Amino acid sequence: MAIPNPKVNRNAAIRRFFVVLLAVSVAIIFLILSLTDTAPEVSGKEGEDLLSLPPSDLYFSGLHFVRRSVLAVRSDPLRSRAELIRKQVGDHAAVAGAYASFARRLKLESSKQARLFAELARNLSVLLAAHRPFLESAAPLDEATVRGFERGVKDRIRAARLLIADAKESFDNQLKIQKLKDTIFAVNEQLSKAKKAGAFSSLIAAKSIPKSLHCLAMRLMEERIAHTDRYVDPPTPPPELEDPKLYHYAIFSDNVLAASVVVNSAVRNAREPWKHVFHVVTDRMNLGAMQVMFRMKDYSGAHIEVKAVEDYKFLNSSYVPVLRQLESANLQRFYFENKLENATKDTTNMKFRNPKYLSMLNHLRFYLPEMYPKLHRILFLDDDVVVQRDLTALWKIDMDGKVNGAVETCFGSFHRYTQYMNFSHPLIKEKFNPNACGWAYGMNFFDLDAWRKEKCTEQYHYWQNLNENRTLWKLGTLPPGLITFYSTTKPLDKSWHVLGLGYNPSISMEEIKNAAVVHFNGNMKPWLDIAMNQFRHLWTKYVDYDSEFVRQCNFAP
């Protein structure tokens, strides 16, 4: 039996495959030629008759046939050329229209350019519309028609390119300027929001009570409750409290530590501390803590009186405009509505929304003659000041019949009356000079006899009643003080009172060293973590760190 050769069998299979492939290819070619070999050429009436005949009669209708090649299925080159021209016209019309739109939006100085672009875009669109019938027709295009279309387009496209080239640099610059303006506007919006949020956060940080300060008040109050008998006021007040021959100070505060620093600094720098009398007034809630704080030591013989606002019975809503206004629903909403947008919508005057500006502790300064009827002169001190030298020379100043001795704060156009009051109001405009120089609260020497003579408290009531709707000035005590003592203020030498240690880091140490009183006005109070370190030591050196209550509350020097 013969063994088959595998190599021979494989070659035979390959030959059979190629024979079959060749046969199939020839059959496909003949099939294509048979389908495209003849095509009826019909036109006019004959075409309509052809369409009306049944399919079986098409080959018996006597039509003439012409032979066409397979290459006849390719697109017409003239139509492709016409489509390319139409696309160019459409593109240039769109560009011209876009430039015209930008020109109108940017309000370019060259309005003629804007009109030229708009007219060019319109002409190109009209040209396309005019040639649309032959461009969209299924009929074959001829060379003459396409050439005519091209000649009509050529000049317009050239004009469009020249106009765009001339205007491109100007438009690009204007677009860059517009984008820059948009960016600046967006950044300003973000900056404004950040400023409002920052001011609000700063306000919270400045007006919140630190944990250590709250702790001190609680510890002192605990001591007051535990040992009531130690802190009972004597049945008869010491005569020194009403002795007009002594040096009297008024300090109104609900901050136990701050009030103690004011007294400590004044006593330590006084040549004869036993001749100084301090009248400390607080609210009922802090009265016990204040009593303990000022009974723990003798203060070198200085006399200290601690009372609550509520002890002055004449201070009621029927007499005091501020207390009456506090009962107003509108004013309560203005101060106490707990909404962030209410607190930040007026950033410039946000601080005046703090309820402390309606506190009687803040307005007691307008009732000094009634609170101390037997005194002739008194020195008012804020609780955020530090006394650096003996102040008895103030009592030797000739006040020239004036009521208020204060340091003026104006320089240039700053701190003038126009910054504190609404001079668009006819009453303010009529009574006051907008360029009058402002002065500062914090250290004010008052002649109480002149006060009574000038009836300054009545003046204060008159203007405070008029300002119930806050149309004359924003809330606070400085604007009504400027009004009340408008013509009765005696300027003091600036070395008596240096301000700004709570907001201005550029105050020179030489100026501070020569000051009788330094004032930490501003948000960066010395008892807060946000205090300025270069000034804080001026305050901390008068804190009673030896007190067990101060140590228990973790106050650090």
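Residues numbered from 1 in each chain as written. Predicted model: local features only at pLDDT ≥ 70, side-chain atom pairs only at ≥ 80, totals over all residues. Heavy atoms only, no water.

What follows covers the overall build of the chain. From N to C terminus, the chain includes 20 helices and 12 strands. Within the span of the chain, comprising 557 residues, buried residues form 41% of the whole. Within the chain, residue pairs in contact and separated by at least 24 positions form 76% of the contacts whose partners lie at least 6 positions apart. In the form shown here, the chain has an accessible surface area of approximately 32100 Å², with 56% of it arising from carbon and sulfur atoms. (Helix = DSSP H or I, 4+ residues; strand = E, 2+ residues; numbered from the N terminus. Buried < 20%, exposed > 50% of the residue type's maximum accessible area, 1.4 Å probe, protein only. Contact = heavy atoms within 4.5 Å. Areas by Shrake-Rupley, 256 points an atom, 1.4 Å probe, with all protein chains shown as cover.)

For tyrosine 299, which is not glycine, the phi dihedral falls at a positive 55 degrees. Its identity is not glycine, yet aspartate 400 carries a phi of approximately 55 degrees, on the positive side.

This brings us to the sheet that holds strand β12 (residues 517–519). Read from one edge to the other, the open sheet built from three strands follows the order β7-β12-β11, with strand pairing classed as mixed. Two strands close off the open sheet at either side, each with one partner strand: β7 (385–387) and β11 (497–498). Direction of pairing for β11 relative to β12: parallel, over a ladder of two bridges. The partner of histidine 497 across the bridge, within β12, is valine 517. (Pairing = 2+ DSSP bridges.)

The subject of this paragraph is the layout of surface pockets. Space inside the second largest pocket adds up to approximately 640 Å³. Pro238, Leu241, Ile304, Glu305 and Val306 are the residues nearest the centre of the second largest pocket, which is lined by 26 residues in total. Those elements that provide at least two residues to the lining of the second largest pocket are α8 (287–295) and β5 (303–308). Sort the elements by how many residues they give to the lining of the second largest pocket and β5 lands first, with five residues. Residues of the lining of the second largest pocket, tallied by class, amount to 14 nonpolar, three polar and nine charged. (1 Å grid on protein atoms, 1.4 Å probe; cavity = no way out; pocket = protein on both sides within 12 Å on 5 of 7 lines; lining within 4 Å. Points joined across faces, edges and corners; volume = space filled by probe spheres on them. Nonpolar A, V, L, I, M, F, W, Y, C, P; charged D, E, K, R; others polar.)

Another aspect to go through is the pairing of strand β6 (residues 377–381). Burial of β6 is extensive: four of the five residues sit out of reach of the surface. One ladder, built from three bridges, connects strand β3 (residues 247–252) with β6; its direction is parallel. Within β6, the residue paired with tyrosine 249 across the bridge is leucine 379. Note that β6 and strand β9 (residues 443–447) share five bridges and pair antiparallel. Bridge pairing links arginine 377 to aspartate 447 in β9.

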